[in-house]
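# Structural overview for review
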Amino acid sequence: SQTIHQWPATLVQPVGSPLSLECTVEGTSNPNLYWYRQAAGRGLQLLFYSVGIGQISSEVPQNLSASRPQDRQFILSSKKLLLSDSGFYLCAWSVVSVRDTQYFGPGTRLTVL
Amino acid sequence: ELKVEQNPLFLSMQEGKNYTIYCNYSTTSDRLYWYRQDPGKSLESLFVLLSNGAVKQEGRLMASLDTKARLSTLHITAAVHDLSATYFCAVADVSGTYKYIFGTGTRLKVLA
């Protein structure tokens, strides 16, 4: 069966510090991968998605970036965090055909102070 | 641009009552999904609706899809406290991207 991991689960970082969040998927090959952010009490904002190694589509122009160095690994990064980067970061995967649903990881709660 | 709207945004209901959450989307898609999110947790897939007229049921929840009206409904029958959560619908963008567009969510609170 497929599983998706995210770490860390919780992170508190000062403004201006760098960020690296990691997501890995097990039990499937060539998944579509997604990064979402959810502000407190709000909906989901799509940040990045990837349909293959090295292929990243950006939805939100800001100080975040994403990389996919391996088929089942998706990394979200920032060189300098802003207060507005605080939120709940969710990684998700789906099969390439997009007829199936998305499966979400447990999430990383980021607080920028 | 594909947009998805849910209503209501907030719903407080008594146990035992019935209610419906509505999900409207702006452009053609035949792939609609419902998710549940408990406070502080991730999203859990509830239903996948892949054709016009599709109906799925699980316990006290029933979801349906009308692609001609671009409308999906999530019907709650005889609500219980355990159904308290936020419910999201999402539509697959079939224009050539692999994106899912999410609604704003409906925060449901079932009162004893």
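Anyway, here's the lowdown on the structure attached to this text. As the structure is a prediction and not an experimental result, all values here were calculated from the model. (Residues numbered from 1 in each chain as written. Chains lettered and ligands numbered in written order. Predicted model: local features only at pLDDT ≥ 70, side-chain atom pairs only at ≥ 80, totals over all residues. Heavy atoms only, no water.)

### Quick word on the sheet that holds strand β3 (residues 19-26) of chain A
Residues and elements named next belong to chain A. If you walk across this open sheet you meet the four strands as β1-β3-β8-β7, and the pairing is antiparallel. At either margin of the open sheet sits one strand with a lone partner, and together these are β1 (3-7) and β7 (64-70). With direction set aside, neighbouring strand axes in the sheet form an average angle of 15 degrees. Summarising the sheet, β3 and strand β8 (residues 73-78) pair through six bridges and their orientation is antiparallel. (Pairing = 2+ DSSP bridges. Helix = DSSP H or I, 4+ residues; strand = E, 2+ residues; numbered from the N terminus. Axes fitted to C-alpha atoms, helices over the stretch in contact; angles between N-to-C directions.)

### Quick word on the interface of chain B and chain A
Listed per partner, the contact involves 21 residues of chain B and 26 residues of chain A. Surface buried jointly by chain B and chain A totals about 1,800 Å² across both partners, of which 55% is contributed by carbon and sulfur atoms. When the buried surface of chain B facing chain A is broken down by residue, Tyr98, Lys99 and Tyr100 of chain B rank first, second and third, together holding 34% of it. At the boundary of chain B and chain A, one finds one salt bridge. Joining chain B to chain A, the criterion identifies nine residue pairs in polar contact (both at pLDDT 80 or more). Of all elements in the fold, only β4 (32-37), β5 (43-49), β9 (85-92) and β10 (100-102) of chain B reach the threshold of two or more residues within the side of chain B that touches chain A. (Contact = heavy atoms within 4.5 Å. Buried area = accessible area lost by both parts, 1.4 Å probe. Salt bridge = Lys/Arg side-chain N within 4 Å of Asp/Glu carboxyl O. Polar contact = N/O pair within 3.5 Å; in protein donor to acceptor, adjacent residues only side chain to side chain.)

### Quick look at the sheet that holds strand β1 (residues 4-7) of chain B
Residue and element names in this part refer to chain B. Strand order in the open sheet formed by five strands is β1-β3-β8-β7-β6, with antiparallel pairing between adjacent strands. Each end of this open sheet is capped by a strand with a single partner; those strands are β1 and β6 (55-58). Shown here is a sheet whose adjacent strand axes are inclined to one another by a mean of 15 degrees, direction ignored. Alignment of strand β3 (residues 19-25) against strand β8 (residues 71-76), held across six bridges, turns out to be antiparallel.

### Side note on the side chain of Thr101 of chain A
Residue position: Thr101 of chain A is located in the loop between β9 (87-94) and β10 (103-104). Only 2.8 Å separates the side chain of Thr101 of chain A from the side chain of Tyr35 of chain B, close enough to count as a polar contact. Polar contacts involving the side chain of Thr101 of chain A include one to the side chain of Ser45 of chain B, which spans 3.4 Å. Among all residues touching Thr101 of chain A, those that are not within four sequence positions of it are Trp93 and Ser94 of chain A together with Tyr33, Tyr35, Ser45, Val48 and Tyr100 of chain B.

### Thoughts on the state of the cysteines
Enumeration according to the criterion identifies two disulfides over all chains in this entry. With a sulfur-sulfur separation of 2.0 Å, Cys23 of chain A is cross-linked through a disulfide to Cys91 of chain A. The S-S bond linking Cys23 of chain A to Cys91 of chain A shows a torsion near -75 degrees; that makes this disulfide left-handed. Of this pair, Cys23 of chain A sits in strand β3 while Cys91 of chain A sits in strand β9, placing them 68 residues apart in sequence. Between the sulfur atoms of Cys23 of chain B and its disulfide partner Cys89 of chain B the distance amounts to 2.0 Å. Handedness of the Cys23 of chain B-Cys89 of chain B disulfide follows from its S-S torsion of about 85 degrees: it is right-handed. (Disulfide = S-S within 2.5 Å.)

### Let's talk about the pattern of salt bridges
Scanning all chains against the criterion turns up four salt bridges over all chains. For Asp85 of chain A, the salt bridge identified is with Arg37 of chain A, shortest N-O distance 3.4 Å. Linking Asp85 of chain A in the loop between β8 and β9 with Arg37 of chain A in strand β4 (residues 32-38), this pair joins segments that are 48 residues apart in sequence. Judged by relative accessible area, Arg37 of chain A falls into the buried class, the value being 9%. Between Asp38 of chain B and Arg36 of chain B there is a salt bridge, and its shortest N-O distance comes to 2.9 Å. (Buried < 20%, exposed > 50% of the residue type's maximum accessible area, 1.4 Å probe, protein only.)

### With respect to the packing of aromatic side chains
This model, assessed by the stated rule, comprises 12 aromatic pairs over all chains. Relative to Tyr100 of chain B, the ring of Tyr34 of chain A has its centre 5.6 Å away and its plane inclined at 80 degrees; by these criteria the two rings are edge-to-face. Of this pair, Tyr34 of chain A sits in strand β4 while Tyr100 of chain B is found in strand β10, placing the two residues in two different chains. Judged on exposure class, the residue Tyr34 of chain A and its partner Tyr100 of chain B are both buried. Between Tyr36 of chain A and Phe104 of chain A the ring centres are 5.7 Å apart and the planes differ by 40 degrees, which places this aromatic pair in the tilted class. Linking Tyr36 of chain A in strand β4 with Phe104 of chain A in strand β10, this pair joins segments that are 68 residues apart in sequence. Accessibility expressed as a relative area gives 10% for Phe104 of chain A, which makes it buried. Three or more aromatic residues link up through ring pairs in this structure, and these residues are Tyr34, Tyr36, Tyr49 and Phe104 of chain A together with Tyr33, Tyr35, Phe88, Tyr100 and Phe102 of chain B. In this structure, Arg109 of chain A packs its charged tip against the face of Phe88 of chain A, placed 4.2 Å from the ring centre. (Phe/Tyr/Trp six-rings, centres within 6.5 Å; stacked < 30°, edge-to-face > 60°. Lys NZ or Arg CZ within 6 Å of the ring centre and 35° of its normal.)

In short, geometric facts, not functional conclusions.
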